[in-house]
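Survey of secondary and tertiary structure
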Amino acid sequence: MTRTLADYPAEVQDAVARTREVVATLHAELPRWELIVWTAGNVSQRVVVSPDGVPSADDLLVIKPSGVTYDELTPESMVVCDLDGALVDGTRSPSSDTAAHAYVYTHMPEIGGVVHTHSTYATAWAARAEPVPCVLTMMADEFGGDIPVGPFALIGDDSIGRGIVETLRDSRSPAVLMRNHGPFTIGKDAKAAVKAAVMVEEVARTVHISRQLGEPTRIPQADVDSLYARYQNVYGQGSAAPATTTKEQDA
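The structure reproduced in this document is the subject of the present report. Throughout, residues of each chain are indexed from 1 in the direction in which the sequence is written. At least 70 in pLDDT is required for a residue's local features to be given in this predicted model, at least 80 for side-chain atom pairs to be given and counted, and no such filter applies to totals for whole chains, interfaces and linings, which use all residues. To obtain the side-chain values, all non-hydrogen atoms of the structure were included, while hydrogens and water were left out.

**Some words on unusual backbone geometry**
In this structure, Ala 129 takes a positive phi of about 55 degrees despite not being glycine. Secondary structure elements follow DSSP: runs of H or I of four or more residues count as helices, runs of E of two or more count as strands, with numbering from the N terminus. By the secondary structure assignment, Ala 129 is in the loop between α4 (120-127) and α5 (137-143). The phi angle at Asn 180 is positive, at roughly 60 degrees, despite the residue not being glycine. On the secondary structure map, Asn 180 appears in the loop between β7 (175-178) and β8 (182-187).

Next up, the structure:
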């Protein structure tokens, strides 16, 4: 029998409440970046239930309800499911893509966030069943190479999830173009997956435009590897960033 949220420890219930806030906020990013229309698309995030913080098949996910417009979404409207896709908490039916998200979390424990959109340019590449070639340094940075195409799969069961996992398990790309469907992105959390969704649309658009001018030039693999390593490990304000003085910190 499926557990309800009340059956989980208080710390898990608190984590779910925080995740509902995060996921509701991140859904607003999809229309902001023009990645969806009407009620299409969804964002989810894993909630680890183990006290030691290790992801497992017992985890939960928070996702939007099915067929609800974005201006109606609130933290309270987010639904909670287990990784079998069964509803654990919420008053509405979960997204029709819930089984796909759950399959990814079950089979890729390192993943904490999944996003699906029907963004125009990325979906156009998916309709052609054609990978987006790595011809931009931005692509090398974020995707580590081409953005791959996944198999055609029908909505409603875990077939899409299987295609995502099969395509991305051995890929550096956090995005896959599911054939005749659209992009799915993954990340360490939902924010990272939303970023990947924004980036995949941007590069899909830019590469499409470049093709109108002629065949774009691929970046050599050695340079792709170098760019990817730098962006993933050095870029930004991580531990590799130069130390700042107290005066600079106060600026």
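**A look at the environment of Glu 72**
Mapping Glu 72 onto the fold places it in the loop between β2 (60-63) and β3 (79-82). At a separation of 2.6 Å, a polar atom in the side chain of Glu 72 contacts the side chain of Thr 69. Here a polar contact means two N or O atoms within 3.5 Å. Within protein one must be a hydrogen donor candidate and the other an acceptor candidate, and residues neighboring in sequence count only if both atoms are side-chain atoms.

**Quick notes on the sheet that holds β7**
Paired through their backbone hydrogen bonds, the strands of a sheet run either parallel or antiparallel. Strand pairing requires that DSSP identify at least two bridges connecting the strands. Strand order in the open sheet formed by eight strands is β4-β3-β2-β1-β5-β8-β7-β6, with mixed pairing between adjacent strands. Two strands bound the open sheet, and with one partner strand each, they are β4 (87-89) and β6 (149-150). Contact criterion: two residues are considered in contact whenever any of their non-hydrogen atoms come within 4.5 Å of each other. Angular values range over 0 to 180 degrees, each being the angle between N-to-C directions of two axes fitted as lines to C-alpha atoms, with helices fitted over their stretch in contact. The strands that helix α3 (residues 98-107) touches are β1 (42-47), β2, β3, β5 (113-116) and β8; relative to β2, the one it contacts most, it runs at about 140 degrees.

**Here's the deal with the nonpolar core**
The definition of a nonpolar core used throughout is a set of buried Ala, Val, Leu, Ile, Met, Phe, Trp, Tyr and Cys residues joined through side-chain atoms within 4.5 Å. Remark: exposure states derive from per-residue accessible area (1.4 Å probe, protein chains only) relative to the maximum for the residue type, with buried under 20%, exposed over 50%, and partly exposed in between. Of all hydrophobic cores here, the largest spans 28 residues; its most connected members are Tyr 8, Val 16, Leu 30, Val 43, Leu 60 and Val 115. Elements supplying a minimum of two residues to this core: α1 (10-27), β1, β2 and α7 (190-213). The greatest single-element share of this core, amounting to six residues, is contributed by α1. Counting residues in hydrophobic clusters, the runner-up holds 22 residues, among them Val 104, Ile 164, Leu 168 and Phe 184.

**Some points on the packing of aromatic side chains**
Two rings from Phe, Tyr or Trp (for Trp, the six-membered ring) form a pair when their centres are within 6.5 Å of each other. A pair whose planes differ by under 30 degrees is stacked, one over 60 is edge-to-face, and the rest are tilted. Applying the stated criterion across every chain, the model contains one aromatic pair. The cationic tip of Arg 3 hangs over the ring face of Tyr 8; the distance from NZ or CZ to the ring centre is 4.0 Å. Cation placement over rings: the criterion is NZ of Lys or CZ of Arg within 6 Å of the ring centroid and within 35° of the ring normal. It is Arg 172 that lies over the ring of Tyr 228; its NZ or CZ is 4.5 Å from the centre.

**What about the pattern of salt bridges?**
In the sections that follow, a salt bridge refers to a side-chain nitrogen of Lys or Arg positioned within 4 Å of a carboxyl oxygen of Asp or Glu. One pass over the structure, following the stated rule, counts ten salt bridges. The partner of Glu 29 in a salt bridge is Arg 32, with the nearest N and O atoms 2.8 Å apart. Of the two residues, Glu 29 and Arg 32 both sit in helix α2 (residues 29-32), three residues apart, roughly one turn of that helix. Among the residues examined, Arg 32 registers a relative accessible area of 56% and is labelled exposed. The partner of Arg 211 in a salt bridge is Glu 130, and the shortest N-O contact between them spans 2.5 Å. Here Glu 130 lies in the loop between α4 and α5 and Arg 211 lies in helix α7, a separation of 81 residues in the sequence. On the accessibility criterion, Glu 130 (15% relative accessible area) is buried. Shared partners join several salt bridges into a network, and the residues in it are Arg 128, Glu 130 and Arg 211.

**Notes on α4**
Three or more residues of α4 are buried, namely Ala 122, Thr 123, Trp 125 and Ala 126. Looking straight down α4, one finds that the buried residues subtend no more than 155 degrees of arc, so they occupy a single side. Lining the buried residues of α4 we find β7, β8 and α7. Just downstream of α4, Ala 129 is the residue with a positive phi angle, here 55 degrees. Summarising the geometry, the arc corresponds to the directions from the helix axis toward the C-beta atoms.

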